[in-house]
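Structural features, examined
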Amino acid sequence: MTTNPPNPPRAAGRRAGRPAGTAAAAGAAASRRKPKPKKSGKRKFLYWTAGVVGFVLVAGCGTAFVIYQQLDGNIKKVDVGEENSAVTDGPVNLLIIGTDARTGKGDTGYGDSGSLGHADTTILMHVSKDRTNATALSIPRDLITDIPDCPTKQPDGSTKVIPGQQHVRFNTSLGQEGRDPGCTWRTVEKLTGVKINHFMMADFNAVKDLSDAVDGVEVCAAKDINDPKSHLKLTAGRHVVKGEQALAFVRTRHAVGTGSDLSRIQLQQQFIGSLIRKLKSSAFGSPSKLLDVAQAATKALTVDTGIGTASKLLDFGNDLKKVDLNKITFATVPVLDNPRDKATVVLDTAKADPLFKMVQQDHTLAKGAGKDKGGKSTPVKKAPPELVRVDVTNGGGPFGAAQETVDWLQNTKGARLSTNAGNAPEKLSATRLEYAPNQADQAATLAEWMGLPKSALKKTGADAGPRVPMKLVLGKDFTAPGSPIEAPTETPEGVQHVNADDKNICAK
C-alpha cells in the first residue's frame, strides 16, 4: 500500500543487482500472499504513455517527417481481426499488455523464455469522449475468469479458432494454447463489458530502455527497501532509478505492502505517474532527447493493425495528448481471495460492477470531476405508480428478463399497467426507454426505479394516446430489476485508485 509522508529526504539510489530465478511454467500458481518471483508488468503501461506522448512530442519538431520511416520499422503488428480507425469521435479504450516474455540482452535472469509470454500485466486505458480525463484500470493476472473462443491469424493467412476456457487464470489469455493479443482483447471485453479500440503490448526491455532514455525516473520509499527477490535496495526517501534498477523497482513486492502482486501494482502506479510527469515537463524540449524516447518506445511496441504505422500512431497520440495529467486516474479491478485456491483471486462484483459501469458510460474516476457540468435542470413531476404504462421487451438482457422485470414492476413498485411484450426485434447494447412528450412524468418515475441514465431516455415527437404504453427495451447492460443501469458518478467506495499527478505517493 502507499502513504504520503511529509517531504521525505532525497537520497541517491543504489544500483540494483541483476535479478535471478526463472519464471514459473504457464498456469503455475502465484499466491498473492506468498507470490513467486515473476517479473511485473504494469511497467508496460509506460510504453503507451511514454511511447505515445514521447512520439507526439517528437512529431512536433521539423525532423518528424524524416524519421517516420525509421520509426515505422520499429513497430511490430498483430492482426487480431479488428481494425479500428486510429482516431475516433467517441471514447477510446486502449488495452495495454505487459508480457512475461524474455527477449534481449540482459533479460536472461527472469521472464518466460522462448514464447510470446503471458498477460503478466494488463491495463485497460479508458480516455473520455471529450478527452478531459482518463482511467487506467489494472486487471490482476491471477484473477479467475472465462476466456472466450478466439480466432487467431496463422502464418499462412488462415484463421484458427482457439477454444475458450472457463474458470482459469486471466494471464493465460495470452500465450497459452497459441492465444495472441486478440484473445486477451476479447477476454477483457467479456470481463468488463467495455468495447476496445486498440491494443499495445511490450515485454521486459521497455522499462529499462525508457527509463534510460529519460535519464531516470524519480520514485519514493517511505521506508528502507531490501528485496532479495528483485534485488532492489533503497533507503527511505526519494531516488532516481533507471535501467536495471528501474526494472527492479517495478518488480518489487516482497518488501512493500502485503508482499502481494496487488501491492506491486500500487508501487508501479507511482513509477508510471512520475514517468508521465517527467515526459510532460519542460526538460523534454530537446528534439534529440525526444527522439531517444520515441525510438525506445516504438522498438518495444507490438500493436494492432489500426495503429500499426508511425503516422497512425502519431494521429492516435495527437488525439489523446489533450488529457490533463491531473485527470488521469490509476485504479485496480476489485478482487477477493479465492476461497478454493489462495494462489488466485476472484472478482469482487459488488465493487467491480459499478466500476465497470463507470467506464462503460464514460464517467471519470478523477476526484471531484463527476459532477454534472450542465447546470441545474427543471425537475420533472413524477407520475404515481398506478399511472405508469409500459411495454417491456428483452433486447439483450438475460433469459426471461422481460417477465422478471414486469413481475418486479407490478409486485414491488405497484405499476399494474406494465406488460411483457416478448423479445425485441433487435439486440441493443444499452437499455432504452421510448416515451412521448405527454408521458414525461411516467418516464421520470420509471427511470428512477430502473436507475436509467439520461442517455437511455428517447423522447418521440408526438403525444401518445391515453392507452398507448411507453416502450422499455432491456439491453445487454441490463442485469436484473432493481440493479441500477446508470453508473455512479464517483469512484465506488473501497476501490483502490490514485491520481497520476500525485507527487507525494511513497511505497510503504
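Below is a summary of the structure that appears in this document. Just so we're clear, the structure is a prediction, and the values are computed from it rather than from any experiment.

Moving on, we get to the state of the cysteines. Within this structure, the stated rule accounts for two disulfides. The residue that forms a disulfide with Cys150 is Cys183, at a sulfur-sulfur distance of 2.1 Å. Where Cys150 bonds to Cys183 through sulfur, the torsion about that S-S bond is close to -90°, and the disulfide is left-handed. Taken as a pair, Cys150 in strand β9 (residues 150-153) and Cys183 in helix α3 (residues 181-192) lie far apart in primary sequence, 33 residues in all. On the accessibility criterion, Cys150 (0% relative accessible area) is buried.

Burial analysis of strand β16 (residues 237-241) places four of its five residues in the buried class, the great majority of the element. Pairing of strand β13 (residues 217-221) with β16, which is carried by five bridges, proceeds in the antiparallel orientation. The residue of β16 that forms the bridge with Glu218 is Val240.

This next bit is on the packing of helix α4 (residues 205-213) against helix α5 (residues 243-251). The geometry of α4 relative to α5 is characterised by a closest axis approach of 8 Å and an angle of 125° between their N-to-C directions. By the angle between their axes, α4 is oblique relative to α5. Read as a crossing pair, α4 and α5 show a hand that is right-handed. Residues Val207, Lys208, Ser211 and Asp212 of α4 form the contact with α5, whose participating residues are Gly243, Glu244, Ala246, Leu247 and Val250.

Attention now goes to the pattern of salt bridges. Pairing of side chains with opposite charge becomes possible as their charged atoms draw close. One pass over the full model with this rule turns up 14 salt bridges. Where Glu218 meets Arg238, a salt bridge forms, and the shortest distance between an N and an O atom there is 3.9 Å. In this pair, Glu218 is assigned in strand β13 and Arg238 in strand β16, connecting sequence segments 20 residues apart. The closest approach of N and O atoms between Asp348 and Lys351, which form a salt bridge, is 3.9 Å. Look at the salt bridges and you will find they share partners, linking Asp120, Arg141, Asp142 and Arg169 into a network.

Conventions adopted
- Residues numbered from 1 in each chain as written.
- Predicted model: local features only at pLDDT ≥ 70, side-chain atom pairs only at ≥ 80, totals over all residues.
- Heavy atoms only, no water.
- Disulfide = S-S within 2.5 Å.
- Helix = DSSP H or I, 4+ residues; strand = E, 2+ residues; numbered from the N terminus.
- Buried < 20%, exposed > 50% of the residue type's maximum accessible area, 1.4 Å probe, protein only.
- Pairing = 2+ DSSP bridges.
- Axes fitted to C-alpha atoms, helices over the stretch in contact; angles between N-to-C directions.
- Parallel < 35°, antiparallel > 145°, perpendicular 65-115°, else oblique.
- Left-handed = near helix turned anticlockwise from the far one by under 90°.
- Contact = heavy atoms within 4.5 Å.
- Salt bridge = Lys/Arg side-chain N within 4 Å of Asp/Glu carboxyl O.

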